[in-house]
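Residue-level listing of the chains:
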Amino acid sequence: MARFGQTGLVVLGIIVLSVPLLCQDLVEEEEPDWKPINLCNSDNCKLPYCNCAGTKIPGKLSRKETPQMVMFTFDDAVNAQVWGHFKKLFHPSRKNPNGCPISITLFVSHNYTDYCMVNRMWALGHEIASHSITHRVPTDWWSNAEYEDWEFEIWGQKNNLMRDAKVPIKEIQGMRSPFLAVGGDNQFSMLEKFNFSYDATIVGGPANLEDPTLWPYTLDFSMEEQDQNCNIPPCPHKRYPGFWEIPVLRTMDVGGIECSFVDKCLNRPGDAEEMYEFLWMNFLRNYETNRAPFGLNMHAIWFSSYKYTVDGFDMFIKKLLQLDDVYIVTSSDAIKWIQDPTPLSRIRNFKPWLRSCKRQTPDDCKLPKEVGDYDWGGGWGDLSTLWIWEYIIMFISAVVLIKRDNFDDV
Ligand SMILES: [Zn+2]
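All of these numbers come straight from a predicted model, not from anything done at the bench. (Residues numbered from 1 in each chain as written. Predicted model: local features only at pLDDT ≥ 70, side-chain atom pairs only at ≥ 80, totals over all residues.)

The next subject is the overall build of the protein chain. When helices and strands are tallied, the protein chain shows 11 helices and 13 strands. Counting all 410 residues of the protein chain, 36% fall into the buried class. A sequence separation of at least 24 residues applies to 76% of the contacts in the protein chain between residues at least 6 apart. (Helix = DSSP H or I, 4+ residues; strand = E, 2+ residues; numbered from the N terminus. Buried ≥ 20, exposed ≤ 12 C-beta atoms within 10 Å, placed from the backbone. Contact = placed C-beta atoms within 7 Å.)

Below, the discussion takes up the nonpolar core. Core analysis: the largest hydrophobic core is formed by 80 residues, its most contacted members being Met69, Val70, Val78, Leu106, Val118, Met121 and Ile128. In terms of residue count, the dominant contributor to this core is helix 7 (residues 272-288) (six residues). In this structure Met121 touches Val78, Phe86, Leu106, His126 and Ile128, once residues within four positions along its chain are discounted. (Core = buried A, V, L, I, M, F, W, Y, C linked by C-beta atoms within 7 Å.)

Viewed as axis vectors pointing N to C, helix 3 (residues 80-89) and helix 9 (residues 307-321) meet at an angle of 25 degrees, and their least axial separation amounts to 10 Å. Overall, the two elements helix 3 and helix 9 adopt an arrangement that is roughly parallel. Note on packing geometry: the crossing formed by helix 3 with helix 9 is right-handed. Contact with helix 3, carried on its side by His85, Lys88 and Leu89, involves Val310, Phe313, Asp314 and Ile317 of helix 9 and no other residues of that element. Its residues placed into classes, the contact of helix 3 with helix 9 shows four nonpolar, one polar and two charged. (Axes fitted to C-alpha atoms, helices over the stretch in contact; angles between N-to-C directions. Parallel < 35°, antiparallel > 145°, perpendicular 65-115°, else oblique. Left-handed = near helix turned anticlockwise from the far one by under 90°. Nonpolar A, V, L, I, M, F, W, Y, C, P; charged D, E, K, R; others polar.)

What follows covers the confidence of the model for the protein chain. Summarising the model, the protein chain shows a mean pLDDT of 87, and 82% of its residues fall at 70 or more. A low-confidence stretch, residues 377-391 (pLDDT under 50), is modelled with 11 contacts involving residues beyond four sequence positions or located in other chains. When the criterion is pLDDT under 50, residues 405-410 qualifies, and its contacts beyond four places in sequence or with other chains add up to zero contacts. (pLDDT = per-residue confidence, 0-100.)

Right, let's get into the pairing of strand 8 (residues 240-245). In this structure, strand 5 (residues 198-199) lies alongside strand 8, joined through two bridges in parallel fashion. Bridging across to strand 8, Tyr198 finds its partner in Trp244. Sheet analysis places strand 7 (residues 217-219) next to strand 8, joined by three bridges and oriented antiparallel. By the bridge assignment for strand 8, Tyr217 is matched with Glu245. (Pairing = 2+ DSSP bridges.)

What follows concerns the environment of Arg136. The residue Arg136 is located in the loop between strand 3 (127-130) and helix 5 (147-164) in this model. For the pair Arg136 and Pro178, spaced 42 residues apart in the sequence, the C-alpha separation amounts to 8.1 Å.

This brings us to unusual backbone geometry. Between Leu47 and Pro48 the backbone carries a cis peptide bond, its omega angle lying at 10 degrees. With respect to the helices and strands, the residue Pro48 is situated in the loop between helix 2 (24-30) and strand 1 (68-75). Backbone torsion omega between Pro233 and Pro234 reads 10 degrees, so that peptide bond is classified as cis. You can see Pro234 is positioned in the loop between strand 7 and strand 8. One non-glycine residue, His135, lies in the positive phi region at around 50 degrees. Judged by local crowding, His135 falls into the partly exposed class, with 19 C-beta atoms found within 10 Å.

It is worth spelling out the environment of Ala207 at this point. Residue placement: Ala207 occurs in the loop between strand 6 (203-204) and strand 7. Put simply, Ala207 and Thr251 are 44 residues apart on the chain and 7.3 Å apart in space, counted from C-alpha to C-alpha. Non-local contacts of Ala207, meaning those with residues more than four positions away in its chain, are made with Arg250 and Glu258.

This part takes up the environment of Cys230. Assignment of secondary structure puts Cys230 in the loop between strand 7 and strand 8. For Cys230, a count of 18 C-beta atoms within 10 Å translates into the label partly exposed. Put simply, Cys230 and Thr201 are 29 residues apart on the chain and 9.4 Å apart in space, counted from C-alpha to C-alpha. Beyond its immediate sequence surroundings of up to four residues, Cys230 is in contact with Val182, Ile202 and Cys235.

Most of strand 1 is tucked away: eight of the eight residues are buried. Neither face of strand 1 is exposed, since Gln68, Val70, Phe72 and Phe74 on one face and Met69, Met71, Thr73 and Asp75 on the opposite face are all buried. Bridge analysis of strand 1 against strand 13 (residues 326-328) gives three bridges, and the strand direction is parallel. Bridging across to strand 13, Met69 finds its partner in Tyr327. As judged from the three bridges shared by strand 1 and strand 2 (residues 105-108), these two strands associate in the parallel manner. Bridge pairing in strand 2 places Thr73 opposite Thr105. Chirality of the crossover, the property in question, places the unit of strand 1, helix 3 and strand 2 among those that are right-handed. (Right-handed = clockwise from strand over helix to strand, strands pointing away.)

Compared with an ideal rise of 1.5 Å per residue, which puts 17 residues at 24 Å, helix 7 spans 24 Å between its outermost C-alpha atoms and is within 8% of the ideal. Residues Met275, Tyr276, Phe278, Leu279, Asn282, Phe283, Arg285, Asn286 and Tyr287 constitute the buried set of helix 7. Contacts from the buried residues of helix 7 go to strand 1, strand 10 (251-252), strand 12 (294-299) and helix 9. (Expected span 1.5 Å × (residues − 1).)

Given below as structure tokens:
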């Protein structure tokens, strides 16, 4: 500023003030018709394949008509250290208001993973997604990774899950980067090529508990065109039609500081009660504003470090189970609802969410003895009880046949 001097500033001021008066027509003519942000709108982007980034409830539903989806997502290895926590917190006896078991999403990395446990989780109705093979450090390796690196890490891990955990390829739809490091177009073009349908890496939403937060969106328009950015660059710049981004919503810790992973908050709750309060106050932001899917993103190994965290989560889940407008679903199931926004009055018959009622046949792999398997008993349609019903039907049929034979004799 000093190098212009006072005279320079006066001249500059006169020029700036004169321009609108002298060249009004010229300025209007030169105004570009292309705007760099918010190109996406309800005319050029329609469900089920396109959804603009924003806070609006899909399908123009009111808040009270909208089910509050809660997505518990866990990153890293699935093994004996975390198995018991999953078993306790997300046992199939815990059910959504439609009568189907609650379900979660596991972003699984290769090292230290027991693929038999992954198979069991899949068979119970949980979602399995890719989180890399090596999970290598330093963290910025991921920001600079080449296309081939992403292919090796994420597509490679999808193959591991398919081959070793026997998860059908069409059911492995999502990914999350290690350390939430975004890999720009190298990452996203790989995801497009290998038919992934969503990424859940990019942090988004407000850093407070008052404003409505972000719904998942598609990349039919680029991040810039939708006024979104990445807090850890590089962001993707291209468009990826029909590909979903499920933002990692910012949570606020007990001291009011934002955190992306609930286990990485600066101000940690000190006991189970505080843990519950922390989860509940963050849940209310979504529940009482625009009901955007509430994602709780974390590493289950955390539960082993601090016992009260499991107890706090247990209290929180029990509370959610009492609410008939809350559904604990997988990330893929959340996308399915957005594609077909179904009001609460018809939600119990919403077909994609009845999926978790049907268990898959688990692989015959063996779990380590010390962790124990799930109790597969109990309930209609359950694998271990099906044979009983078959025997009962066979017995009744036999009795009917015998009676008929006797009757014929008479
Ligand atoms: Zn990780």
